[in-house]
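This is what each chain is made of:
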Amino acid sequence: MRAVDIITRKRDGYELSREEITNFLQGVVNGTIPDYQAAAWLMAVFLRGMTRRETVDLTLAMAHSGDILDLSDLIPYAVDKHSSGGVGDKTSLVVVPLVAACGVPLAKMSGRALGYSGGTLDKLEAIPGFRVALTGEEFRDLIRRNGIVLAGQSLSLAPADGKLYALRDVTGTVPSLPLIASSIMSKKIAAGANGILLDVKLGSGAFMKTLDEARALAQIMVQIGLDAGRDVTAVLSDMNQPLGEAIGNALEVEEAVHTLRGQGPADFTEHCLVAGSEMLRLAGQGARWTDDAENRALLAEKLRSGEAFEKFKLLASAQGGDTRVLDDTSLLPQAPIVVTYGAKQDGYLSKVDALQAAIAAFDLGAGREKKTDDLDLSVGIKVHVKQGDKVQAGQTLATFYANSAEKLASARVLMDDVFAYSPESVPELPLFYGVIRGSELS
Ligand code: URA
């Protein structure tokens with residue numbers, strides 16, 4: 001089976017067999033298929049798409065291109081979550097300890113910030129000493145002892161995805177639904193997940209700009225789950241405006257701590273309760289945690305009692321983190337310059353643009369362009385308002401946390417495009433647009 005024949009068949013719109021997909025993937029990983037052929041095949045997939053069967057075969061071939069993490073002796077039914085990436089999305093910092101506090105063991109692997117999306121690992125590193133690079137034995141030991149661990153993804157998991165993603169990034173083939181779906185799902189399957197919550201975000205600050213696109217992606221991933229024997233739930237959530245207030249690493253840890261103590265922003269707290277309830281539902285496998293109202297009451301109690309916060313502290317201390325910064329968040333990395341941004345006029349906010357706010361935070365140094373770039377953990381922005389809020393000229397809409405007057409000046413200019421004003425009242429944005437549960441489709 002020659003690589004060029006597989007490329008040609010896809011180019012001409014034929015459905016590839018499982019064998020063709022698996023052989024091609026193997027060749028890409030072991031280097032017998034050069035990058036130029038892999039890139040040509042990616043473009044053919046981008047243009048022709050993939051059937052449901054092809055997408056599942058691609059996902060499983062990518063998942064099995066490296067090690068499969070097997071924690072089944074420690075966690076008989078592993079629940080995981082994935083966010084498609086957003087602005088101010090610190091959900092994992094809250095829902096992982098929150099759901100673990102309900103007795104569900106959570107062993108999660110996360111990623112780093114890239115472009116305008118934040119990364120859970122970078123946020124955790126705002127806690128001095130926190131180690132995200134764990135050995136396989138440490139990872140297992142922490143889940144055995146504490147029922148919670150959050151670390152970087154091992155390079156030996158789904159190496160085909162790493163290779164293909166790097167090629168997609170430079171060949172204009174990232175925005176392909178089967179390629180995105182198989183990329184995300186292969187990593188979750190390789191990480192040993194049985195039940196997976198996917199937070200598929202949509203809007204200006206998300207990968208998927210429209211509800212239709214987000215729903216299509218979510219449906220493909222839920223279908224992959226059904227065909228691959230995994231229980232997948234996808235929530236479709238808003239990313240037109242930032243989630244919560246904080247954008248930036250230490251600022252987001254601070255907001256996560258407030259939320260874990262029951263004092264977080266209303267939208268972010270609600271987001272965590274919905275995600276947490278869906279994770280409990282997955283963990284319950286139809287036998288328990290099937291009632292959202294009861295799940296929410298349980299989760300709210302874990303916030304109120306401090307158990308979720310204690311679980312977060314346990315996670316941090318077990319991975320070398322200095323938990324004094326969690327008890328007193330003023331000890332987190334602090335930016336030297338803190339100044340506010342005021343409304344330009346009276347009116348109702350008709351836009352609080354997530355992408356534009358992320359660009360401003362990025363300019364302050366909160367994000368990274370290339371994987372190797374450093375980021376400043378202390379800087380960022382808090383956006384205190386939401387679409388639909390009535391504001392008065394001069395009212396504080398946001399606060400900058402900067403490390404240089406020059407960067408602050410440029411962020412200030414960018415910030416003008418975050419907000420738009422209307423004399424008429426403007427509806428609030430919904431937090432969620434829908435839930436797709438694989439268990440209800442099968
Ligand atoms: N996130 C992933 O992990 N892969 C993609 O292709 C896109 C977003």
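About the cut-offs
- Residues numbered from 1 in each chain as written.
- Predicted model: local features only at pLDDT ≥ 70, side-chain atom pairs only at ≥ 80, totals over all residues.
- Heavy atoms only, no water.
- Helix = DSSP H or I, 4+ residues; strand = E, 2+ residues; numbered from the N terminus.
- Buried < 20%, exposed > 50% of the residue type's maximum accessible area, 1.4 Å probe, protein only.
- Contact = heavy atoms within 4.5 Å.
- Areas by Shrake-Rupley, 256 points an atom, 1.4 Å probe, with all protein chains shown as cover.
- Lys, Arg positive; Asp, Glu negative; His and termini not counted.
- Charge placed at Lys NZ, Arg CZ, Asp CG, Glu CD.
- Pairing = 2+ DSSP bridges.
- Right-handed = clockwise from strand over helix to strand, strands pointing away.
- Domains from an automatic or database assignment.
- Disulfide = S-S within 2.5 Å.
- Axes fitted to C-alpha atoms, helices over the stretch in contact; angles between N-to-C directions.
- Near = heavy atom within 4 Å.
- Polar contact = N/O pair within 3.5 Å; in protein donor to acceptor, adjacent residues only side chain to side chain.
- Nonpolar A, V, L, I, M, F, W, Y, C, P; charged D, E, K, R; others polar.
- Core = buried A, V, L, I, M, F, W, Y, C linked by side-chain atoms within 4.5 Å.

### Examining the overall build of the protein
So, point 1. On a plain count of helices and strands, the protein comes out with 18 helices and 13 strands.
So, point 2. Overall, the C-alpha framework of the protein stretches about 65 × 45 × 40 Å when taken along its three principal axes.
So, point 3. Across the 442 residues of the protein, 55% fall into the buried class.
So, point 4. Long-range pairs, those at least 24 residues apart, make up 78% of the contacts in the protein with a sequence separation of at least 6.
So, point 5. With the model as given, the accessible surface of the protein reaches about 17700 Å², and the carbon-plus-sulfur share is 51%.
So, point 6. Between the averaged position of the 45 positive side-chain charges in the protein and that of its 56 negative side-chain charges there is a distance of 2 Å.

### Remarks on the pairing of strand 5 (residues 231-238)
So, point 1. Along strand 5, 8 of the 8 residues are buried, which leaves the element largely enclosed by surrounding structure.
So, point 2. In strand 5, alternate side chains face the same way, and those of Asp231, Thr233, Val235 and Ser237 on one face and Val232, Ala234, Leu236 and Asp238 on the other are all buried.
So, point 3. Two elements, strand 4 (residues 195-202) and strand 5, share 8 bridges in a ladder whose sense is parallel. Paired with isoleucine 196 across the two strands is valine 232, which belongs to strand 5.
So, point 4. Between strand 4 and its parallel partner strand 5, the chain crosses via helix 10 (residues 211-227), and the hand of that crossover is right-handed.

### Here we look at the domain arrangement of the protein
So, point 1. Partitioning the protein into structural domains gives domain 1 (3-49), domain 2 (79-327 + 432-440) and domain 3 (333-422).
So, point 2. The gap between the C-alpha centroids of domain 1 and domain 3 is 43 Å.

### A few points about the pairing of strand 1 (residues 79-83)
So, point 1. Most of strand 1 is tucked away, with 5 of its 5 residues classed as buried.
So, point 2. Burial along strand 1 is two-sided: Val79, Lys81 and Ser83 facing one way and Asp80 and His82 facing the other are all buried.
So, point 3. Bridge count for strand 1 against strand 4 is 5 bridges, and the pairing is parallel. Within strand 4, the position partnered with histidine 82 by the bridge is leucine 198.

### Section: the state of the cysteines
So, point 1. As enumerated under the stated definition, the model contains 0 disulfides in all.
So, point 2. Free of any disulfide, cysteine 102 has its nearest neighbouring cysteine sulfur in cysteine 272, separated by 13 Å.

### Here we look at the sheet that holds strand 5
So, point 1. Here 4 strands make up an open sheet; going across it, the order is 1-4-5-13 and the pairing mixed. For this open sheet the edge positions go to strand 1 and strand 13 (432-437), each flanked by a neighbour on one side alone. Each strand axis lies, on average, 15 degrees off the axis of its neighbour in the sheet, ignoring direction.
So, point 2. Strand direction decides the pairing type here: strand 5 and strand 13, joined by 5 bridges, are antiparallel. The residue bridging threonine 233 from the neighbouring strand is arginine 437, located in strand 13.
So, point 3. Across the sheet, helix 10 lies against strand 4, strand 5 and strand 13, angled at about 170 degrees from strand 5, the strand it touches most.

### Examining the environment of threonine 120
So, point 1. Inspection of the secondary structure assignment puts threonine 120 in helix 6 (residues 120-124).
So, point 2. Taking relative accessible area as the criterion, threonine 120 reaches 14% and is therefore assigned buried.
So, point 3. For the pair threonine 120 and tyrosine 401, spaced 281 residues apart in sequence, the C-alpha separation works out to 20 Å.
So, point 4. Once you skip the residues sitting within four places of it in the chain, threonine 120 turns out to touch Ser92, Leu93, Ser110, Gly111 and Leu150.

### Quick look at the site of the ligand
So, point 1. Inspection of the region around the ligand gives Tyr165, Arg168, Ile180, Ser183, Ile184, Lys187 and Phe207 as its neighbouring residues.
So, point 2. The separation between an oxygen atom of the ligand and a polar side-chain atom of lysine 187 is 2.5 Å.
So, point 3. Secondary structure elements with two or more residues in the shell around the ligand: helix 8 (159-171) and helix 9 (177-190).
So, point 4. Its residues assigned to classes, the shell around the ligand shows 4 nonpolar, 1 polar and 2 charged.

### Here we look at the nonpolar core
So, point 1. In this structure, Leu326, Ile381, Val383, Leu397, Met415 and Phe419 are the most contacted members of the largest nonpolar core, which totals 81 residues.
So, point 2. The leading source of residues in this core is helix 12 (residues 266-284), at 8 residues.
So, point 3. Counting residues domain by domain, this core receives three or more from each of domain 2 (79-327 + 432-440) and domain 3 (333-422).
So, point 4. The contacts of leucine 326, once residues within four sequence positions are left out, are Ile127, Val253, Val257, Arg261, Phe309, Phe312, Lys313 and Ala316.
So, point 5. Counting residues in each nonpolar core, the second largest holds 22 residues, with Leu198, Leu202, Ile220 and Val232 among its members.

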